[in-house]
Amino acid sequence: MNNERQQRHKRAMQKLKRHVDERIEKANEERGLLLVFTGNGKGKTTAAWGTVTRALGYGYRVGVVQFIKGVWECGERERLADDAHLQVHTMATGFTWETQNRETDKAACEKVWVEAEKLLVDPDIYLVVLDELTYMLKFGYLDIGTVKRALAHRPAEQTVIITGRNAHRELLDMADTITEMQETRHAFNLGLKARRGIDY
Ligand code: ATP
Ligand code: MG
């Protein structure tokens, strides 16, 4: 009985291996990717920083542009700040939901976008993260055409991660990988406060 189960498992694993091997064989194009982490669930920015850490681990150069949480605390930024291969640019005014001033926010966004554009033409930068960029498009602070052009003309080996809810349709059309974080439950909606070192 036990032996039969083992045999069945072995056959299933062999079949799976053949399937995976075939797919690995087909995946032979190598270039930088465009990834979009979107959806309402928690984990978009965390996943982006996870990838930053991964790239830094191999000694690659990484640029992070934070489009919203400039003045907020950010544990990942603290931890990785002294890695010479990492540069972080944050929106100067530190956009907040409470003090929305269209003109100053738009100006701050345009200013940090200049830094993003510099990263997006630099072949030495292996990974660029545009954290919460989706909102800049949604609010009309940045133009989709401008963003698409910069992404399309970036160095071939460069990977870009864009995070944020409500990603623009045209961004999704360009993306190689799209992950939609689905909110099944969030502690915040149960009245639990955002937690240091866990949520930021
Ligand atoms: P994280 O930074 O934790 O990976 P995120 O990038 O997916 O989250 P954002 O929409 O950028 O999510 O939210 C920023 C802050 O709001 C974070 O502190 C995050 O933990 C929290 N948050 C994320 N998802 C939700 C949610 N569905 N409801 C309430 N708060 C959320
Ligand atoms: Mg986020």
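Residues numbered from 1 in each chain as written. Chains lettered and ligands numbered in written order. Predicted model: local features only at pLDDT ≥ 70, side-chain atom pairs only at ≥ 80, totals over all residues. Heavy atoms only, no water.

## A word on the sheet that holds strand E2 (residues 61-66)
Turning to step 1, where the next piece is worked out: Within the open sheet, the six strands sit side by side as E3-E2-E4-E5-E1-E6. Their pairing is parallel. Each of the sheet's edge strands pairs with one partner strand only, and the pair in question is strand E3 (86-90) and strand E6 (177-180). Averaged over all adjacent pairs, the angle separating strand axes in this sheet is 10°, with direction ignored.
Turning to step 2, where the next piece is worked out: For E2 and E3, the ladder comprises five bridges, and the chain directions are parallel. The residue bridging valine 64 from the neighbouring strand is valine 88, located in E3. (Pairing = 2+ DSSP bridges. Helix = DSSP H or I, 4+ residues; strand = E, 2+ residues; numbered from the N terminus. Axes fitted to C-alpha atoms, helices over the stretch in contact; angles between N-to-C directions.)

## Some thoughts on the coordination of the magnesium ion (ligand 2)
Angles at a metal have ideal values that depend on geometry: 109.5 degrees with four tetrahedral donors, 90 or 180 degrees with six octahedral donors.
Turning to step 1, where the next piece is worked out: Donor atoms from the polypeptide that bind the magnesium ion (ligand 2) are Thr45 (OG1) and Glu132 (OE), placed at 2.0 to 2.1 Å. Of the two residues, threonine 45 sits in helix H2 (residues 44-57) while glutamate 132 sits in the loop between strand E4 (125-131) and helix H5 (133-138), which places them 87 residues apart along the sequence. One exposure class covers both threonine 45 and glutamate 132, and it is buried. (Donors = N, O, S within 2.8 Å, 3.2 Å for Na, K, Ca; no water. Buried < 20%, exposed > 50% of the residue type's maximum accessible area, 1.4 Å probe, protein only.)

## Points about the site of ligand 1
Turning to step 1, where the next piece is worked out: What surrounds ligand 1 is a group of 15 residues, the closest being Lys42, Lys44, Thr46, Glu183 and Asp199.
Turning to step 2, where the next piece is worked out: Lysine 42 is positioned with one of its side-chain polar atoms (N or O) 2.6 Å from an oxygen atom of ligand 1.
Turning to step 3, where the next piece is worked out: Contacts to ligand 1 include glycine 43, whose backbone N or O atom sits 2.9 Å from an oxygen atom.
Turning to step 4, where the next piece is worked out: Isolated, ligand 1 exposes 570 Å² of accessible area, and the fraction of that covered by the protein chains is 86%. (Near = heavy atom within 4 Å. Polar contact = N/O pair within 3.5 Å; in protein donor to acceptor, adjacent residues only side chain to side chain. Areas by Shrake-Rupley, 256 points an atom, 1.4 Å probe, with all protein chains shown as cover.)

## Quick word on the pattern of salt bridges
Side chains that carry opposite charge are capable of pairing whenever their charged atoms lie near each other.
Turning to step 1, where the next piece is worked out: Within the structure shown, the criterion is met by nine salt bridges.
Turning to step 2, where the next piece is worked out: Two residues, arginine 31 and glutamate 29, come together in a salt bridge whose shortest N-O distance is 3.1 Å.
Turning to step 3, where the next piece is worked out: The exposure class of arginine 31 is partly exposed, given its relative accessible area of 39%.
Turning to step 4, where the next piece is worked out: In this structure, lysine 118 and glutamate 115 form a salt bridge, with 3.4 Å as the shortest nitrogen-oxygen distance. With lysine 118 and glutamate 115 both in helix H4 (residues 102-119) and three residues apart, the pair spans about one turn of that helix.
Turning to step 5, where the next piece is worked out: A relative accessible area of 48% places lysine 118 in the partly exposed class.
Turning to step 6, where the next piece is worked out: Take glutamate 115: its relative accessible area is 23%, and that puts it in the partly exposed class.
Turning to step 7, where the next piece is worked out: Linked through salt bridges whose partners overlap, the residues forming this network are Glu29, Arg31 and Asp176. (Salt bridge = Lys/Arg side-chain N within 4 Å of Asp/Glu carboxyl O.)

## Description of unusual backbone geometry
A negative phi angle characterises most non-glycine residues, just as the trans form characterises most peptide bonds.
Turning to step 1, where the next piece is worked out: Here the phi dihedral of glutamate 132 falls at roughly 65°; this positive angle occurs in a residue that is not glycine.
Turning to step 2, where the next piece is worked out: In this structure, asparagine 166 takes a positive phi of about 50° despite not being glycine.
Turning to step 3, where the next piece is worked out: In this structure, asparagine 166 sits in the loop between strand E5 (159-163) and helix H7 (169-174).

## With respect to the pairing of E5
Turning to step 1, where the next piece is worked out: Taking burial as the measure, the five residues of E5 include five buried ones, the bulk of the element.
Turning to step 2, where the next piece is worked out: A two-sided burial pattern is seen for E5, the buried positions comprising Thr159, Ile161 and Thr163 on one face and Val160 and Ile162 on the other.
Turning to step 3, where the next piece is worked out: Sheet topology note: the strand E1 (residues 34-38)/E5 ladder contains four bridges and is parallel. Looking across to E5, one finds that valine 36 is bridged to isoleucine 162.
Turning to step 4, where the next piece is worked out: Where E4 lies against E5, four bridges are found, and the strand directions are parallel. Considered in E5, the bridge of valine 128 is made with valine 160.

## Structural notes on H2
Each α-helix turn comprises 3.6 residues. Residues three or four places apart therefore point the same way.
Turning to step 1, where the next piece is worked out: Between its terminal C-alpha atoms H2 stretches 20 Å, which fits the 20 Å expected from 14 residues at 1.5 Å a residue.
Turning to step 2, where the next piece is worked out: Along H2, the residues classified as buried are Lys44, Thr45, Ala48, Trp49, Val52, Ala55 and Leu56. The arc enclosing the buried residues of H2, seen along the axis, measures out at 130°, which places them on a common side. More than 90 degrees from the buried face of H2, the exposed residues found are Arg54 and Gly57.
Turning to step 3, where the next piece is worked out: Those residues of H2 hidden inside the fold are in contact with E1, E2, helix H3 (75-80), E3, E4 and E5.
Turning to step 4, where the next piece is worked out: A positive phi of about 85° marks glycine 59, the residue just after H2. (Expected span 1.5 Å × (residues − 1). Arc of directions from axis to C-beta. Contact = heavy atoms within 4.5 Å.)

All quantities given are derived from atomic positions and should not be read as evidence of function.
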